[in-house]
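# Descriptive structure summary
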Amino acid sequence: IIAAVSKQSAQRDRAAEQRSRARIAAIASERSGLQKTLAVEFPDYSSLSNPLPLAVKDIQPLLSADEAMVIYSVVDKQSYVIAITREGVEWKEISLGADAMARKVAAFRKGLDVGKARDASGKSGLFDLALANELYVALLGPVEALTKGKRNLLLVPSAALTALPFHLLVTETPQAAIPDRLEGYREAAWLLRRQAVSVLPSVISLKSLRAFARRDQGAKPMTGFGDPVFNPAAEGPADRRAASGKV
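Quick look at the structure, then.

This part takes up the layout of surface pockets. Volume-wise, the largest pocket comes out at about 270 Å³. Looking at the largest pocket, it is lined by 15 residues, and the ones nearest its centre are Pro174, Gln175, Ala176, Gly184 and Glu187. Split by residue class, the lining of the largest pocket holds seven nonpolar, three polar and five charged.

Shown next, in the form of structure tokens:
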């Protein structure tokens, strides 16, 4: 439609434009009908695939006394963080906008590539503890008073933050950005040592997951281990036999 209406007046085909608009309207109507059908016949799936907003008063009863939910909204010039516990809620600004946030996360992730770090000359490829602390201060520092005392953090990231492993943030200023010895990393104040970190795809998913947990209380626990061969051609015959169970 945009291409059609952008033509000069003499070249426009009004009938074709109207047919396109009618087709889009029909598709939208059909999609709406399918969503209503899913909501009736498969409400659990519908709540996850097409989440509706929840008010703070609806979220707080879903949280245990030892949980805090932290929600991020990343926009162009600045971002926002919302922390919710059973006792209260805080809404704070973050000075990093979308582009700056993406650059910070990309720099953070460079230090997680063990192969590149091993091959790098000097310390340039090693994990930067100072950056990990800087991101902690920016992302969780504004709501630390509400969240620090909770054992479990439930994070709902957006934009570039969906690629950030929050559990590797550093809660205290490190002695060195890149330690001279491995012990410097062992002694870092990793967020994961202080709190358990879970990442949720959306706020509404907490409601669905809690409903599933109540429903499945009688289920037996299961632990699975896997060692897949992603490129069988690169493995030796013995390795392929072991991977397929033919030992």
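The discussion continues.
Moving on, we get to a nonpolar patch on the surface. Judged by side-chain polarity, Leu38, Phe42 and Tyr45 come together as a nonpolar surface patch covering roughly 310 Å² of accessible area. Note on placement: Phe42 falls in the loop between helix 2 (14–41) and helix 3 (43–49). Taking relative accessible area as the criterion, Phe42 reaches 48% and is therefore assigned partly exposed.

Okay, the nonpolar core next. Ranked by internal contacts, the top residues of the largest apolar core, which has 34 residues, are Tyr72, Leu139, Leu161, Leu164 and Leu169. Counting only elements with at least two residues in this core, the list comes to strand 1 (67–74), strand 2 (79–84), helix 5 (98–110), helix 7 (129–139) and strand 4 (152–156). Ranked by residues supplied to this core, first place goes to helix 7 with six residues. Other than its neighbours up to four places away in sequence, Leu161 contacts Tyr72, Val74, Met101, Val105, Leu139 and Phe166.

Turning next to the environment of Val70. Within the fold, Val70 resides in strand 1. C-alpha separation for the pair Val70 and Leu200, spaced 130 residues apart in sequence, amounts to 9.9 Å. The contacts of Val70, once residues within four sequence positions are left out, are Val81, Ile82, Ala83, Leu140, Thr147, Leu153, Leu154, Leu155 and Val156.

Cut-off values and rules
Numbers given for residues are sequential positions, taken from 1 along each chain in its written order. Side-chain atom pairs in this predicted model are given and counted only at pLDDT of 80 or more, local residue features only at pLDDT of at least 70, and totals for whole chains, interfaces and linings cover all residues. The basis for every side-chain value is the complete set of non-hydrogen atoms in the structure, without hydrogens or water. A cavity, in this analysis, means grid points on a 1 Å lattice covering only the protein atoms where a 1.4 Å probe fits yet has no way out; a pocket is instead an open set bounded by protein on both sides within 12 Å along at least five of seven lines, and a residue lines either one if it has an atom within 4 Å of a point. Grid points are joined across faces, edges and corners, and a volume is the space filled by probe spheres set on the points. Following the grouping adopted for this structure description, the nonpolar residues are Ala, Val, Leu, Ile, Met, Phe, Trp, Tyr, Cys and Pro, the charged ones are Asp, Glu, Lys and Arg, and the polar ones are all others, Gly among them. Surface patches are defined over residues having more than 30% relative accessible area and no salt bridge, joining like charges when they lie within 9 Å and nonpolar side chains (Val, Leu, Ile, Met, Phe, Trp, Tyr) when within 5 Å. Areas reported as accessible are Shrake-Rupley estimates using a 1.4 Å probe. Residue values count occlusion only from the protein chains shown. The salt bridge definition used is simple: a Lys or Arg side-chain nitrogen within 4 Å of an Asp or Glu carboxyl oxygen. Helix and strand definitions here come from DSSP, where helices need a minimum of 4 consecutive H or I residues and strands a minimum of 2 consecutive E residues; each element is numbered from the N-terminal end. For each residue, the accessible area found with a 1.4 Å probe, counting protein chains only, is set against the maximum for its type, and the residue is called buried under 20%, exposed over 50%, and partly exposed in between. Put simply, a nonpolar core is a bunch of buried Ala, Val, Leu, Ile, Met, Phe, Trp, Tyr and Cys residues held in one set by side-chain atoms that sit within 4.5 Å of each other. Any two residues whose heavy atoms approach within 4.5 Å are treated as being in contact.

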